[in-house]
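Okay, here's what each chain looks like letter by letter:
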Amino acid sequence: MNRDKQCSEEQLVLYHYDELSSAERQALDVHLNTCSHCRTSLEELQASLAAIPRPELQISKARKLQFAERVTKRAQRRPKNYRAAWGGALATGALVFAMFLQPTENVVTVTPNPSSIPDFEVIEMLDMLQDLDLLKDLDLLQEMGQLR
Amino acid sequence: MTFVDIAVTGRYSLPMRRDTEKILLDQARSGQERAFAQLVDLHSERIISLAWRLVGQRDEAEDIAQEAFLRFHRSLSTFRGDSSIGTWLYRTVSRLAIDHLRRERLRRKIFFFRSADNDQPDPLDLVSDKSASPQEQLLAQETGQHMQQVLEKLPPQQKAVFVLRHLEQMPLKEIAYTLGLKEGTVKAHLHRAVTQFRKEFREEREESA
């Protein structure tokens, strides 16, 4: 057996998928001519990969048409700038919330502080908006790498 | 950044198709929804099929494909055409599917009490063609189920690399671009996925022997 780094299983996988550079492929071809162990490994690999089924999804014309219609309808309904729409909705919500917190005549008035509760709520809601984006794209989870 | 185009299947690279696409794209940009619907129709089969191969269930695949098309619609005004529409959609649907798979994994981790049986795809979703004979449907169901069971065990990125290379026959360089990974990482994912598949199929052969 003359198995070396050139003939690792990963190299054989890349050889099978024709993903080696021409120099790497040539070197491996030379090696395979002299190494029966690696030749057998390659044959086994190719046989097992050929046995993996390739299920196909057939979609009828009617279903394709239905899908296209559904997507087009949704596209027409959906606001083009959804971030702006979200921002607008949250800003309106914050404004309404701030109005509720306005002191009435019968209540002891407190001098409004620039960093008071309404501002804090707005910041919290903006944070929530960021969280919504994170939930959508899961970039944070990708960075955490825990789910790979 | 170098942009690559999916030419492996040939269907996206036909010059006539490119011309048609360009006309439809211009019309869609000018607000003609009929042209957008035609673009969806041109790409839907391949995009839904890719999503289905990645997530394993037809309804979820259609939802992911729909989201990709909606994002494309939102990007119409900024779509520069550095890559073809097909490539753009492939890239978007692959990433959406990976996000979906990660969310599913997280959900399973959180709701650990969920039984393993519930995680299996609906067998009806795996039947490839509703108009096929019952025998063909059964065969498609069995092969699809086994394939899906093995795929379910792979981490999302590994699964995506395997599906794109083995089933979609996309070159590794394009997979790296599509998934935003380094080529070396893609090679390692492919190797691990192939090793896992061989292990599963070997075990199955030994059990049935």
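The residue count restarts for each chain, going from 1 along the sequence in the order it is written. For naming, the first written chain is A and the first written ligand is 1, with later ones following in the order written. Where totals are concerned, whole chains, interfaces and linings use all residues; where local detail is concerned, this predicted model gives features only for residues with pLDDT of at least 70, and gives and counts side-chain atom pairs only at 80 or more. With hydrogens and water stripped out, all remaining heavy atoms of the structure feed into the side-chain values.

## Some points on the state of the cysteines
Phase 1 of the analysis: Here, a disulfide means two cysteine sulfur atoms that sit within 2.5 Å of each other. The tally for this structure, following the rule as stated, stands at zero disulfides over all chains.
Phase 2 of the analysis: Not part of a disulfide, Cys-35 of chain A finds its nearest cysteine sulfur in Cys-38 of chain A, a span of 3.4 Å.

## Quick look at the confidence of the model for chain A
Phase 1 of the analysis: Per-residue pLDDT for chain A has a mean of 73; in total, 55% of the residues score no lower than 70.
Phase 2 of the analysis: Confidence drops under a pLDDT of 50 for residues 107-112 of chain A, and excluding neighbours within four residues, the segment shows one contact in the predicted structure. Each residue gets a pLDDT score, which is the predictor's confidence in that residue and runs from 0 to 100. The criterion used for residue contact is that any of the two residues' heavy atoms lie within 4.5 Å.

## Let's talk about unusual backbone geometry
Phase 1 of the analysis: In this model, Asp-18 of chain A sits at a positive phi of 55°, which is unusual for a non-glycine residue.
Phase 2 of the analysis: Mapped onto the fold, Asp-18 of chain A is located in the loop between helix H1 (9-16) and helix H2 (22-34).
Phase 3 of the analysis: Throughout this description, buried means an accessible area under 20% of the type-specific maximum (1.4 Å probe, protein chains only), exposed means over 50%, and partly exposed covers the range between. Since its relative accessible area comes to 53%, Asp-18 of chain A is described here as exposed.
Phase 4 of the analysis: Even without a glycine there, the phi angle at Gln-169 of chain B is positive, about 55°.
Phase 5 of the analysis: You can see Gln-169 of chain B is positioned in the loop between helix H8 (156-167) and helix H9 (172-179). Only DSSP runs of H or I with at least four residues qualify as helices, and only runs of E with at least two residues qualify as strands; both kinds are numbered from the N terminus onward.

## Here we look at the pattern of salt bridges
Phase 1 of the analysis: A side-chain nitrogen of Lys or Arg and a carboxyl oxygen of Asp or Glu constitute a salt bridge if their distance falls within 4 Å. Scanning all chains against the criterion turns up 16 salt bridges over all chains.
Phase 2 of the analysis: For Glu-62 of chain B, the salt bridge goes to Arg-63 of chain A, with nearest N and O atoms at 2.9 Å. Note that Glu-62 of chain B is positioned in helix H3 (residues 58-74) and Arg-63 of chain A in helix H4 (residues 61-77), a pairing that runs across two chains.
Phase 3 of the analysis: According to the relative accessible area criterion, Arg-63 of chain A is partly exposed, its value standing at 27%.
Phase 4 of the analysis: Connected through shared salt-bridge partners, Glu-56 of chain A together with Arg-46, Arg-53 and Glu-168 of chain B make up one network.

## Points about the nonpolar core
All names here are of chain B.
Phase 1 of the analysis: Here, nonpolar core refers to any group of buried Ala, Val, Leu, Ile, Met, Phe, Trp, Tyr and Cys residues whose side-chain atoms link them within 4.5 Å. Ranked by size, the top nonpolar core spans 74 residues in total, and within it Phe-72, Phe-162 and Phe-197 carry the most contacts.
Phase 2 of the analysis: Top element by residues in this core is helix H2 (residues 33-55). It accounts for 11 residues.
Phase 3 of the analysis: When near neighbours in sequence (up to four residues on either side) are disregarded, Phe-72 contacts Leu-25, Phe-36, Leu-39, Phe-79, Ile-85, Trp-88 and Leu-89.

## Some details on the environment of Leu-24 of chain B
Residue and element names in this part refer to chain B.
Phase 1 of the analysis: Relative to the helices and strands, Leu-24 is located in helix H1 (residues 15-29).
Phase 2 of the analysis: A relative accessible area of 6% means that Leu-24 is categorised as buried.
Phase 3 of the analysis: The spacing of Leu-24 and Arg-34 is 10 residues in sequence and 8.9 Å in space, taken between C-alpha atoms.
Phase 4 of the analysis: Leaving out residues up to four positions away in the same chain, Leu-24 has contacts with Ala-35, Gln-38, Leu-39 and Leu-42.

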